[in-house]
Amino acid sequence: MLDKPSEHLHQAAVAGGIQAGSINIGMLIAGRALAGISSGMLLALVPVYIAEIAPPQKRAFLVGMQGLMTWRIPLAMQIPAPIVMLVGCYFIPFSPRWLVKQERYEEAKAVLVRLQGHMGQEFVDREFIQIQEQISFEVYDRNLPWYKAAIALFSKQYLKRTLLACFIVAMSQLSGTSVISNFQNVFYGIVGVKGKTSLLVSGVFGTMGVIGTVIYLFFVADKWRRTTTLWVGALSMCITLSICIALSAEFPTGSPDISGGYAAIAFIFIYSTCFAIFFNDLIYAASSELFPHFLRSKGMSVAVWGKAVIAIVISQITPVAVKNISWRYYSVYISFNAVAAFIFYFMLPETRGKTLEEVAALFGVAPH
């Protein structure tokens, strides 16, 4: 449970400064390492903080906003964002759940009125009572040490939630998006697109992600069911990658007909848009909602850690796989997306519009 995420923003700003002012490779690597640690912490904590203060009807939209938002200058651009966030943290309220946990009840209720007063006094009172009773129910778990939290996360009572949250976050890698983003020029070469054209296509690829995120924020977030969004996204990416693999097989490198290659690239663009619409931001909202208060930040940390480990593994095996099996490597991610669609449709409880206390009832724990 969080008060504010400000404590990790200091080191993010410092990391950007170290990289921008690097005078040797060691200093640059140190800055990158610190930036990686900082971003990992923030990636785990920011969705949790937003989930704890946001109204249920706007939770996915607000979590999604975080995703919208020569070498020295690009690296220096990392400095302003954490500084702005750091300054902003002095103007945002503490999480009402954290305040209740600290027994600062009047402050907690004032924050709820400030953030969710437009929902009506009855809603605010009900939300406050649920938070207060749920925190009281979990009082024995206050300040839970990491080793006890790990035991709890993988206990019979919380194992399903932990595995679902870890799988949802892991799909940000297992869906194939990191492979396509980081190795897209290699894949473009497989279908015969190289040189300046490849660079132009890469730029368009990045633009599709921005377009997809805007579509998500205004037409999908908190309007579609969480489960529907996720399984439709997994299925759409499975289909688009299947078409890409078929086109790559039919029009291999060196084929005189370049139309097949351009068609494959078009479906990569569609894939990128689908990922941004259905996955990119929702995975953090949907996963952070699953945990009880006392395990939420630690559970998200485990999920983000798992994602990072998977990213490292993928980055190591992808060059070898592409070299040896070329476009057939797509089939790995087609399989992951197909499995994800099944899990999201049949096994993931729907959490849209529910308070974080009511989500517990979906796993057999009655709200208190």
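Residues numbered from 1 in each chain as written. Predicted model: local features only at pLDDT ≥ 70, side-chain atom pairs only at ≥ 80, totals over all residues. Heavy atoms only, no water.

With respect to the overall build of the chain
Step number 1: In terms of helices and strands, the chain carries 19 helices and 0 strands.
Step number 2: Counting across all 368 residues of the chain, residues that qualify as buried make up 51%.
Step number 3: Carbon together with sulfur atoms contributes 68% to the accessible area of the chain, which is approximately 17000 Å² in total. (Helix = DSSP H or I, 4+ residues; strand = E, 2+ residues; numbered from the N terminus. Buried < 20%, exposed > 50% of the residue type's maximum accessible area, 1.4 Å probe, protein only. Areas by Shrake-Rupley, 256 points an atom, 1.4 Å probe, with all protein chains shown as cover.)

Examining unusual backbone geometry
Step number 1: A positive phi angle is found at Glu103, which is not glycine, with a value near 65°.
Step number 2: Take Glu103: it is sitting in the loop between α6 (96-101) and α7 (105-116).
Step number 3: The phi torsion at Ser326 lies on the positive side, around 55°, for a residue other than glycine.
Step number 4: Inspection of the secondary structure assignment puts Ser326 in the loop between α17 (293-325) and α18 (330-346).

What to know about the pattern of salt bridges
Step number 1: Tallied over the entire structure, the rule returns 6 salt bridges.
Step number 2: The residue Glu350 makes a salt bridge to Arg225 at a minimum N-O spacing of 3.9 Å. With a gap of 125 residues between them, Glu350 in the loop between α18 and α19 (356-359) and Arg225 in the loop between α13 (195-220) and α14 (226-250) connect regions that are remote in the sequence.
Step number 3: By relative accessible area, Arg225 is classed as partly exposed at 42%.
Step number 4: The salt bridge involving Arg226 is made with Glu289; its shortest N-O contact spans 2.7 Å. Residue Arg226 is found in helix α14, and its partner Glu289 is found in the loop between α16 (282-288) and α17; the two are separated by 63 residues along the sequence.
Step number 5: The class of Glu289 is buried, set by a relative accessible area of 0%. (Salt bridge = Lys/Arg side-chain N within 4 Å of Asp/Glu carboxyl O.)

Some remarks on the nonpolar core
Step number 1: Judged by nonpolar contacts, the single largest core of 67 residues is most densely connected at Leu230, Phe279, Tyr329, Tyr330 and Phe344.
Step number 2: The element best represented in this core is helix α10 (residues 159-174), accounting for 9 residues.
Step number 3: Contacts of Phe279, omitting those with residues within four sequence positions, involve Met171, Ser175, Leu230, Gly233, Ala234, Met237, Cys274 and Phe344.
Step number 4: The next biggest cluster of nonpolar side chains, apart from the first, holds 10 residues, and it includes Trp98, Val111, Phe128 and Ile135. (Core = buried A, V, L, I, M, F, W, Y, C linked by side-chain atoms within 4.5 Å. Contact = heavy atoms within 4.5 Å.)

A word on the packing of aromatic side chains
Step number 1: Here the structure, examined in full by the defined rule, presents 10 aromatic pairs.
Step number 2: Centre to centre, the rings of Trp231 and Tyr345 are 5.3 Å apart; their planes meet at 85°, and the pair counts as edge-to-face. Of this pair, Trp231 sits in helix α14 while Tyr345 sits in helix α18, placing them 114 residues apart in sequence.
Step number 3: Trp231 sits in the partly exposed class, given a relative accessible area of 25%.
Step number 4: Ring geometry for Phe275 and Phe279: centres 6.1 Å apart, planes at 50°, overall tilted.
Step number 5: On the basis of relative accessibility, which here comes to 8%, the residue Phe275 falls in the buried class.
Step number 6: Of the residues examined, Phe279 reaches a relative accessible area of 0% and is grouped as buried.
Step number 7: Each residue in the set Phe167, Phe275, Phe279 and Phe344 is aromatic and connected to the rest through ring pairs, giving one cluster.
Step number 8: Across from the ring centre of Phe94, 5.4 Å away, lies the NZ or CZ of Arg104, which sits over that ring. (Phe/Tyr/Trp six-rings, centres within 6.5 Å; stacked < 30°, edge-to-face > 60°. Lys NZ or Arg CZ within 6 Å of the ring centre and 35° of its normal.)

As for helix α9 (residues 146-153)
Step number 1: Taken together, the buried positions of α9 are occupied by Ala149, Ala152 and Leu153. With its buried residues spanning 95° around the axis, α9 presents them on a single face. Among the exposed residues of α9, those pointing more than 90 degrees away from its buried face are Tyr147 and Ile151. (Arc of directions from axis to C-beta.)

Let's talk about the environment of Arg352
Step number 1: Of note, Arg352 is situated in the loop between α18 and α19.
Step number 2: Under the relative-accessibility criterion, Arg352 is labelled partly exposed at 33%.
Step number 3: Arg352 sits 131 residues away from Ala221 along the chain, and the two C-alpha atoms are 9.7 Å apart.
Step number 4: With residues near it in sequence (within four places) discarded, Arg352 still touches Asp222, Lys223, Trp224, Arg225 and Arg226.

Topic: the environment of Phe123
Step number 1: Relative to the elements of secondary structure, Phe123 occurs in helix α8 (residues 121-137).
Step number 2: When the C-alpha positions of Phe123 and Val113 are compared, they lie 9.7 Å apart, and in sequence the two are 10 residues distant.

Brief notes about the side chain of Thr240
Step number 1: Structurally, Thr240 is set in helix α14.
Step number 2: Sequence-distant contacts of Thr240, that is, excluding residues within four places in its chain, are made with Phe267, Ile270 and Tyr271.

Observations concerning the side chain of Arg97
Step number 1: Here Arg97 is to be found in helix α6.
Step number 2: You can call Arg97 buried: its relative accessible area is 2%.
Step number 3: Among the polar contacts made by the side chain of Arg97, one reaches the side chain of Glu127 at a distance of 3.0 Å. (Polar contact = N/O pair within 3.5 Å; in protein donor to acceptor, adjacent residues only side chain to side chain.)

Some remarks on the confidence of the model for the chain
Step number 1: Summary statistics for the chain give a mean pLDDT of 81 and a share of 80% for residues scoring 70 or more.
Step number 2: Taken element by element, the chain is modelled with least confidence in helix α4 (residues 72-76), mean pLDDT 51, and with most confidence in α18, mean pLDDT 95. (pLDDT = per-residue confidence, 0-100.)

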